[in-house]
Amino acid sequence: MREIKRTINLNIIEENFRRLQNRAPSSAMGAVVKADGYGLGMTAIANRLAHAGCRHFFVATLKEGQALRSLLTETTIFVLNGLSSYPPQDFHQARLIPVLNSFDDIHAWSAAAEVTELGCAIHVDTGMQRLGLTIDEFEALKSDSELLNSLNLKLLISHLACAEQSQSEMNQTQLRRFNGLSDGLPEISRSLANSSGIFLGSNFQFNLCRAGAALYGVNPLPGQTNPMQPVVSVSAPILQIRQLNQASSVGYGATATMNPGTRLATIAAGYADGYPRQASNLSHVQIGNWLAPVVGKVSMDLISVDISDLPVSAICVGDMADLIGPLVSIDDLAAAANTIGYEILTNLGRHGETQTID
Ligand SMILES: *Cc1c(COP(=O)(O)O)cnc(C)c1O
């Protein structure tokens, strides 16, 4: 029996990388491949992007960094979650650059003698209240030149809270704070922009950008035409087709009631496959060139769609329905489920069979 199937197009990830690089011609374009490349497979993606000229990669954890280092011997790898209580030697051994997030990190790094070679990055919080030194802590570090010099600081980063909202005042506030950090510091590389941040303009791009979601086709400009190309498609087989001979409710909780004559298709995918249950009664799947609305609650392994508008000849048991396809983008499904493309991307089809196009 065929199952949920995911296709990941590496050619398009490379194309998106080039598009982003063209948007920020004066900066290096780094690739964020944490969470197994946003669920799409870090190995294939990192190999392909390295081949395309990407020289800077970001992962979240030491473990991810070690896995990436075993693939790519030459490239620069930053570990966003910092030391996370691991010994600095572990980073040194795999030639990983930790993004230090706290004074605990800083003191541990400073105490390890061998750190000076590759250096470290420091994250300063300019408005997320998530990770990083506070601005005051960073100023304190700046005034302790002995400590600062012991770190071999290579990159200063911060992260934008509202980059996908180009009109948000938060962006300018964070930019101003970020610019202020380097007052009185010697020349040091800086990185502020995630995917959406790249589109806020050249003053947000600094030396190095950190592109994640946009590489994988998520729209960095919600509400506008997506400047990226779709990377992923996900499909699942139609298990059963039925026609209602009387008005009937569909699925758990009987949340949808359909008229007599309605034709329904049952598709072999559900929330256990990462299809969002929140999209119940709201999203669409693509069958051929048609869109069929999801009716009733999304079940664990199944969804029902209304195919009454499709020609009877257009659909057979065993055909594949696209959960993500040319007519249903990741962002469309995310909107129906009241979430963001990132979550759809990292959840959908992890359990299915994956085909990688290169
Ligand atoms: C995940 C992450 C990114 C990538 O963000 P996208 O919006 O996916 O481009 C960049 N910087 C940091 C610190 C992150 O945690």
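Fair warning: this is a prediction, and the values are worked out from it, not measured in the lab. (Residues numbered from 1 in each chain as written. Predicted model: local features only at pLDDT ≥ 70, side-chain atom pairs only at ≥ 80, totals over all residues. Heavy atoms only, no water.)

Looking at the protein chain, the domain boundaries give domain 1 (10–216) and domain 2 (232–357). Here the C-alpha centre of domain 2 lies 38 Å away from the C-alpha centre of domain 1. Here domain 1 and domain 2 share an interface that buries about 770 Å² over both sides, 63% of which is from carbon and sulfur atoms. Applying the counting rule to domain 1 against domain 2 returns 0 salt bridges. (Domains from an automatic or database assignment. Buried area = accessible area lost by both parts, 1.4 Å probe. Salt bridge = Lys/Arg side-chain N within 4 Å of Asp/Glu carboxyl O.)

What follows deals with the packing of aromatic side chains. To describe a pair of aromatic rings, you give the distance between the ring centres and the angle between the ring planes. Scanning the model with the defined rule gives 4 aromatic pairs in all. Their ring planes at 40 degrees and their centres at 6.2 Å tell us that Tyr38 and Tyr342 sit as a pair that is tilted. Taken together, the residues span a long stretch of sequence, with Tyr38 in helix α2 (residues 34–38) and Tyr342 in helix α12 (residues 341–347) at a distance of 304 residues. Note on Tyr38: relative accessible area 8%, which makes it buried. Three or more aromatic residues joined by ring pairs form one cluster here, namely Tyr38, Tyr216 and Tyr342. (Phe/Tyr/Trp six-rings, centres within 6.5 Å; stacked < 30°, edge-to-face > 60°. Helix = DSSP H or I, 4+ residues; strand = E, 2+ residues; numbered from the N terminus. Buried < 20%, exposed > 50% of the residue type's maximum accessible area, 1.4 Å probe, protein only.)

Okay, the site of the ligand next. Neighbouring the ligand are 13 residues, the closest being Lys34, Tyr38, Ser195, Ala213 and Tyr342. Separating a nitrogen atom of the ligand from a side-chain N or O atom of His159 is a distance of 3.4 Å. Arg210 is positioned with one of its side-chain polar atoms (N or O) 2.8 Å from a nitrogen atom of the ligand. Its free accessible area being 390 Å², the ligand has 93% of it covered by the protein chains. Where the shell around the ligand is concerned, the elements lending two or more residues are α2 and β9 (208–211). (Near = heavy atom within 4 Å. Polar contact = N/O pair within 3.5 Å; in protein donor to acceptor, adjacent residues only side chain to side chain. Areas by Shrake-Rupley, 256 points an atom, 1.4 Å probe, with all protein chains shown as cover.)

This next bit is on the sheet that holds strand β6 (residues 120–123). Overall, parallel pairing links the 8 strands, which are arranged β8-β7-β6-β5-β4-β3-β2-β9 in an open sheet. Each edge of the open sheet is held by one strand with a lone partner, namely β8 (189–191) and β9. Here the strands of the sheet are splayed against their neighbours by 30 degrees on average, with no regard to which way each runs. Bridge count for strand β2 (residues 28–32) against strand β3 (residues 56–59) is 2 bridges, and the pairing is parallel. Looking at the pairing, Val32 lines up with Phe58 of β3. (Pairing = 2+ DSSP bridges. Axes fitted to C-alpha atoms, helices over the stretch in contact; angles between N-to-C directions.)

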